[in-house]
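What follows is each chain in one-letter form.
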Amino acid sequence: MQKKVAIIVGSLRKESFNRKVANEFIRLASENLKLEIVEIKDLSFFNEDIENNPPKEWLDYKKQLNDADAFLFVSPEYNRTIPGVLKNAMEIGGRPPKLNSWKGKPGAVVTVSPGAIGGMGSNHTIRAAAANLHVSVMAQPEAYIGLIKDKLLEDGITVDEKTEKFMRTFLEAFETWINRF
Ligand code: FNR
């Protein structure tokens, strides 16, 4: 059976490298996986005062998470940690605790950066937050896609052959991981 994977992109930038990589994951995924980006740009700041009476955009977003079988976080690194917009989206998805939309589902983390380290710091802080939200995060393979400007072809959209190969391997492992649940 085809599994639905909600992709959460941790950048709101129009020309985001992370969004480009997320779109490449969509292109490269096997027919057993249906990958879709769940938008986080319209979410207001999380506020515990309103978690039991949330605004419509929080509910719409949580419904998309509830409908997913798995989660793929594709994010930049900001100051060696999680971008605020992604952390906000993680909080909203996880509250109130009885309605934690992440709970018990498999997930994976990919970080993308123009820098050489590939967002490794961010990758591990996202893993920690996701694990606390009760996402079962795939341990291996890790995915730090650094020097992304050198890995995109001239169209500025498609990744080069080597990166594509890595992404296919990652997706195969993720599919196996998802099917364990
Ligand atoms: C960055 N950037 C960055 N890069 C990195 O590899 N490690 C880091 O710690 C940071 N810190 C950081 C902080 C802030 C506030 C900004 C705006 C940027 C650079 C970042 O990787 C770059 O802007 C990417 O292009 C952002 O990802 P998207 O938007 O292209 O997906």
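Calculation criteria
What you see as residue numbers is a count from 1 along each chain, following the sequence as written. With pLDDT at 70 or above as the cut-off, local features in this predicted model cover only qualifying residues; side-chain atom pairs require 80 or more to be listed or tallied, and sums for whole chains, interfaces and linings still use all residues. With hydrogens and water stripped out, all remaining heavy atoms of the structure feed into the side-chain values. Ring geometry is summarised as follows: Phe, Tyr and Trp rings, the Trp one being its six-membered ring, pair when their centres sit within 6.5 Å, and such pairs are stacked at plane angles under 30 degrees, edge-to-face over 60 and tilted between the two. Strands here mean DSSP runs of E at least two residues long; helices mean DSSP runs of H or I at least four residues long; both are numbered from the N terminus. Exposure is judged per residue with a 1.4 Å probe applied to protein chains only, and the accessible area is read against the type maximum: over 50% gives exposed, under 20% gives buried, and values in between give partly exposed. The criterion for a charge sitting over a ring is simple: Lys NZ or Arg CZ within 6 Å of the ring centre, and within 35 degrees of the ring normal. When at least one non-hydrogen atom of a residue lies within 4 Å of a molecule or strand, that residue is treated as near it. By the criterion applied in these results, polar contacts are pairs of N or O atoms within 3.5 Å in which, for protein atoms, one can donate a hydrogen and the other can accept it, and in which residues neighboring in sequence qualify only through two side-chain atoms. We count a salt bridge whenever a side-chain nitrogen from Lys or Arg sits within 4 Å of a carboxyl oxygen from Asp or Glu. Think of it this way: DSSP has to see at least two bridges between two strands before they count as a pair. Viewed with both strands pointing away, a crossover whose connecting path from the first strand over the helix to the second turns clockwise is right-handed.

## Some thoughts on the packing of aromatic side chains
Then, number 1: Tallying each qualifying case throughout the model produces 7 aromatic pairs.
Then, number 2: Ring plane angle 75 degrees and centroid distance 4.7 Å describe the contact between phenylalanine 71 and tryptophan 102, whose orientation is recorded as edge-to-face. Of the two residues, phenylalanine 71 sits in strand β3 (residues 70-75) while tryptophan 102 sits in the loop between α3 (84-94) and β4 (106-112), which places them 31 residues apart along the sequence. For the pair formed by phenylalanine 71 and tryptophan 102, the shared burial category is buried.
Then, number 3: Ring centres of tryptophan 177 and phenylalanine 181 lie 5.3 Å apart, and the angle between their planes is 70 degrees; this geometry places the pair in the edge-to-face category.
Then, number 4: An aromatic cluster is present here, built from Phe25, Phe166, Phe170 and Phe174 joined pairwise through their rings.
Then, number 5: Across the ring face of phenylalanine 17, the terminal group of arginine 13 is positioned such that the distance to the ring centre comes to 5.3 Å.

## Examining the site of the ligand
Then, number 1: Around the ligand, the neighbouring residues are Ser11, Arg13, Ser16, Phe17, Asn18, Pro76, Glu77, Tyr78, Asn79, Arg80, Ser113 and Pro114.
Then, number 2: Asparagine 18 is positioned with one of its side-chain polar atoms (N or O) 2.7 Å from an oxygen atom of the ligand.
Then, number 3: Within the side chain of serine 113, an N or O atom sits 2.7 Å from an oxygen atom of the ligand.

## Concerning the pattern of salt bridges
Then, number 1: Counted under the stated rule, the structure contains 13 salt bridges.
Then, number 2: The shortest N-O distance in the salt bridge between arginine 19 and glutamate 39 comes to 2.7 Å. Residue arginine 19 is found in helix α1 (residues 17-28), and its partner glutamate 39 is found in the loop between β2 (33-37) and α2 (56-67); the two are separated by 20 residues along the sequence.
Then, number 3: Among the ionic pairs, lysine 41 bridges to aspartate 42, the shortest N-O distance being 3.8 Å.
Then, number 4: Owing to a relative accessible area of 56%, aspartate 42 belongs among the exposed residues under this scheme.
Then, number 5: Taken together, the shared-partner salt bridges in this structure form one network comprising Glu24, Arg27, Glu164 and Arg168.

## Quick notes on the pairing of β3
Then, number 1: Counting buried positions along β3 gives 6 out of 6 residues, so the element sits mostly inside the fold.
Then, number 2: By the bridge criterion, 5 bridges tie strand β1 (residues 3-9) to β3 in an arrangement that is parallel. Directly across from isoleucine 7, in β3, lies its bridge partner leucine 72.
Then, number 3: Bridge count between β3 and β4: 5 bridges; the pairing is parallel. Of the residues in β4, the one forming a bridge with valine 74 is valine 110.
Then, number 4: Viewed along the sheet, the connection from β3 through α3 into β4 turns out right-handed.

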